[in-house]
Amino acid sequence: MNMSASRITKHFISVPTEHGSRQVHYRRAGGGPVVVMLHQSPSSSRDLIPLIEAFASDFTVIAPDTPGYGLSESFELTDPVIDDYAVALATFLDLLGVGDVCLLGNHTGAAIAIEFARRFPARTQAVVTNGYVLFTDAERDDVLQHYFVPFEPESDGAHFTRVWTRIRDQVIFFPWYAQFNETRLAFDVPDAKDLMPTVNDLLRAGLDEPIAYRAAFLYPGFARLQDLTVPTGLFAAHPDPLADQLERLGEIPDCIEAKAYESYADLFARAREIFHAHASGAAPEPVIPVADGHFAQDYIHVAQGQVYVRRCAGLSDEPPLLLLHHVGESAQSFRALADVLAGHRTLLAIDLPGHGETGGGETGDGVAIDPSHLTDLAILLQDILTAEGIDCVDVLADGLAASVATSLAQTAPQRVRRLIFKNIWYVGAALKADLATRAVPDVTPRFHGGHLLAAWFFARDSELFWPWYDTRAEAALPLKGLDPRLIHQRACDLLKAWDDYPACFEAALSYDLRPVLPKLTQPVLFAADPDRPHYRYSEDAVNQTRQGCVKAWPDDVRAQADVILAFLDKSPEKLKVRNRK
């Protein structure tokens, strides 16, 4: 098999619902018969990357994110049960044109796999589980009462401490909340950096986190096994506590092989044998979906890898509006604005490499460029436009993304019609030097979880002071309310970008706008809150442009959209801009 076939690619597909559609995110690799891999809660298909890579040498591996987890949108159902997840999986495979499959399910995914095999035996060639819940009634009642911890964003960031403790203790105790010697596990506690992907998955799931968990805990595991007629491997590996639960099995159908292995390597080797014995057929080519809905999720495939994008299809024939988020944030920061602009303009809001859901090259399914090289980023943006069949765009750049936008406008001026710089960091040399040494918070993952609180208070203090680390009274910003959900989103964005953020920040901050702005041939709008220093920076910057103007950036999102559209929709001769001689 060639390397391109075994490379993991990420995709979205829209599933029709009563109220529109629901997007499902999945990973795919390999060729030949189909093996569907189903992850545990509260993780995502990201957790399965090593297995996907291992099995892709022999099979087409398709690994969806369970509804409400990873990047898959939630069910519209209030209290779904495992039966609903199995039916949703069948619908997902139908939309992909996939018929008969083998299934490999992990924990929650194991229950979904068993239920799928029970409901759809004609299209299930074989099923293997890694950890299948077989609770007693008392255990089930205890877990349902204590397992889930609410983490609605709070103004003091205390929910972050609960999230970290929960994920860390999951590899120390089972159940995680029972901290006793007899409930202690024999796992090594992973390094803090290795725990962060699972933390991020839990934070993505948010308030939906208990839903699939609860469904798995309530699933009548003993009874449903009796209905199976397909080849089934009911496995677990020590020290997974579910391995001991296999001893509770009574009489089971002859099609089931149950065993607790001493290692995961042995378990998955046996799974491969089972799949080789029963898998047949070949997978159809990947479906290329049409992203629908406001701010729909998608990927843009370019030579450098896959770039996560949120898009809206507009009614205007004018150039699309490319939205570039501030360094350390993500396309999600444009969500409210995009909902208002949707229908007026085609929107593309990308996650820059190393940010949000666009991973770096080290993940095996990200973008293989150094996101701190602005020239490389400008080339990537051009490649994105080419892949989308877009000749020219307008660009809205937030904060330090102005450096990325001007790099694009300089290297490919014919592809940028107009520029909007929101909250530009056009600062003097002294402040720039101070920012360079003090503005990047240290959110390197640590065993005590303090990096989560560091991210939280960075996001929180960024609303209270400028710069955020200067807590003197004279640095206080006018307070217009602290929204814990907004702070939570910004902190989560920073935690996803923690490894790339310092270099990206340094590159964007050190990019010298002073000699570049006078060379821009495009009309430029500078927008900022008049009560904040960035408005003064905008007034300084506009004096360096040939065609520039400054506007107040309102608090109301609809008024913000009006400012943008007024600038973009005017013909060149009607633009009220300052013509610099």
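Shown above is the structure to which this text applies.
Basis of the calculations
- Residues numbered from 1 in each chain as written.
- Predicted model: local features only at pLDDT ≥ 70, side-chain atom pairs only at ≥ 80, totals over all residues.
- Heavy atoms only, no water.
- Helix = DSSP H or I, 4+ residues; strand = E, 2+ residues; numbered from the N terminus.
- Rg over C-alpha atoms; globule rule 2.2 N^0.38 Å.
- Buried < 20%, exposed > 50% of the residue type's maximum accessible area, 1.4 Å probe, protein only.
- Contact = heavy atoms within 4.5 Å.
- Areas by Shrake-Rupley, 256 points an atom, 1.4 Å probe, with all protein chains shown as cover.
- Lys, Arg positive; Asp, Glu negative; His and termini not counted.
- Charge placed at Lys NZ, Arg CZ, Asp CG, Glu CD.
- Expected span 1.5 Å × (residues − 1).
- Core = buried A, V, L, I, M, F, W, Y, C linked by side-chain atoms within 4.5 Å.
- 1 Å grid on protein atoms, 1.4 Å probe; cavity = no way out; pocket = protein on both sides within 12 Å on 5 of 7 lines; lining within 4 Å.
- Points joined across faces, edges and corners; volume = space filled by probe spheres on them.
- Nonpolar A, V, L, I, M, F, W, Y, C, P; charged D, E, K, R; others polar.
- Axes fitted to C-alpha atoms, helices over the stretch in contact; angles between N-to-C directions.
- Parallel < 35°, antiparallel > 145°, perpendicular 65-115°, else oblique.
- Left-handed = near helix turned anticlockwise from the far one by under 90°.
- Pairing = 2+ DSSP bridges.
- Salt bridge = Lys/Arg side-chain N within 4 Å of Asp/Glu carboxyl O.

**Some remarks on the overall build of the protein chain**
Then, in step 1: Counting its regular elements, the protein chain contains 20 helices and 17 strands.
Then, in step 2: On C-alpha atoms alone, the protein chain measures out to a radius of gyration of 26 Å, which is about the 25 Å that the 2.2 N^0.38 rule sets for 581 residues.
Then, in step 3: Taking the principal axes of its C-alpha atoms as reference, the protein chain extends roughly 90 × 50 × 40 Å.
Then, in step 4: Buried residues in the protein chain amount to 56% of all 581 residues.
Then, in step 5: A separation threshold of at least 6 residues defines the contact pool for the protein chain, and within that pool the share at least 24 residues apart is 75%.
Then, in step 6: As displayed, the protein chain offers around 23,600 Å² of accessible surface, 51% of which is attributable to carbon and sulfur atoms.
Then, in step 7: Here the protein chain holds 52 positive side-chain charges and 77 negative ones, and the gap between their average locations is 9 Å.

**Observations concerning helix 16 (residues 450-461)**
Then, in step 1: Helix length check: helix 16 (12 residues) gives 16 Å between terminal C-alpha atoms against 16 Å at 1.5 Å per residue, within 8%.
Then, in step 2: Of the surrounding elements, those touching the buried residues of helix 16 are helix 6 (158-169), helix 7 (192-205), helix 17 (484-496) and helix 18 (501-510).

**Side note on the nonpolar core**
Then, in step 1: One finds L322, L324, I350, L419 and F421 to be the most contacted residues of the largest nonpolar core, which totals 82 residues.
Then, in step 2: With near-sequence residues (within four places) excluded, L324 lies in contact with F334, I350, L352, L381, V395, L396, A397, D398, A401, V404 and A405.
Then, in step 3: Counting residues in hydrophobic clusters, the runner-up holds 47 residues, among them L38, A90, F116 and L228.

**As for empty space enclosed by the protein**
The gaps left among the atoms become clear once a water-sized probe is rolled over them.
Then, in step 1: Across all of its chains, the model carries 4 cavities of 30 Å³ or more by this definition.
Then, in step 2: Forming the boundary of the largest cavity are R22, V24, L38, P64, D65, T66, P67, Y85, A88, L89, F92 and I112.
Then, in step 3: If you list the elements that add at least two residues to the lining of the largest cavity, you get strand 2 (20-30) and helix 3 (82-96).
Then, in step 4: With 4 residues, the top contributor of residues to the lining of the largest cavity is helix 3.
Then, in step 5: Residues belonging to the lining of the largest cavity are distributed by class as follows: 9 nonpolar, 1 polar and 2 charged.
Then, in step 6: Of the voids in this model, the second largest cavity is the one considered here, and its volume is about 90 Å³.
Then, in step 7: In this structure, the second largest cavity is lined by 15 residues; those nearest its centre are W425, Y426, K432, Y511 and L513.

**A word on the packing of helix 6 against helix 7**
Then, in step 1: Packing of helix 6 against helix 7 brings their axes to within 10 Å, and their N-to-C directions diverge by 120 degrees. The orientation of helix 6 relative to helix 7 falls into the category oblique. In this structure, helix 6 meets helix 7 at a crossing whose hand is right-handed. Contact residues: helix 6 offers F160, V163, W164, R166, I167 and R168, while helix 7 offers A192, L195, M196, T198, V199, L202 and L203.

**Some thoughts on the sheet that holds strand 7 (residues 232-237)**
Then, in step 1: The 8 strands lie next to each other as 1-2-4-3-5-6-7-8, forming an open sheet whose pairing is mixed. Strands with a single pairing partner mark the edges of an open sheet, and in this sheet they are strand 1 (9-17) and strand 8 (256-261). Here the strands of the sheet are splayed against their neighbours by 20 degrees on average, with no regard to which way each runs.
Then, in step 2: As judged from the 6 bridges shared by strand 7 and strand 8, these two strands associate in the parallel manner. Pairing of F235 across the sheet is with K259, part of strand 8.

**Re the pattern of salt bridges**
Then, in step 1: Inspection of the entire model under this criterion finds 37 salt bridges.
Then, in step 2: For D83, the salt bridge identified is with R119, shortest N-O distance 3.1 Å. Residue D83 is located in helix 3, and its partner R119 is located in helix 4 (residues 108-119); the two are separated by 36 residues in the primary sequence.
Then, in step 3: Since its relative accessible area comes to 15%, D83 is described here as buried.
Then, in step 4: For R119, a relative accessible area of 39% puts it in the partly exposed group.
Then, in step 5: Between D394 and R417 there is a salt bridge, with its nearest N and O atoms 2.9 Å apart. Remark: R417 occurs in strand 14 (residues 416-422) and D394 occurs in strand 13 (residues 393-398); sequence separation between them is 23 residues.
Then, in step 6: Residue R417 is classed as partly exposed on the basis of its relative accessible area, which comes to 23%.
Then, in step 7: Because the salt bridges share partners, they merge into one network encompassing R46, D47, D201, R204, E357 and K496.

Shape descriptors only; they carry no functional weight alone.
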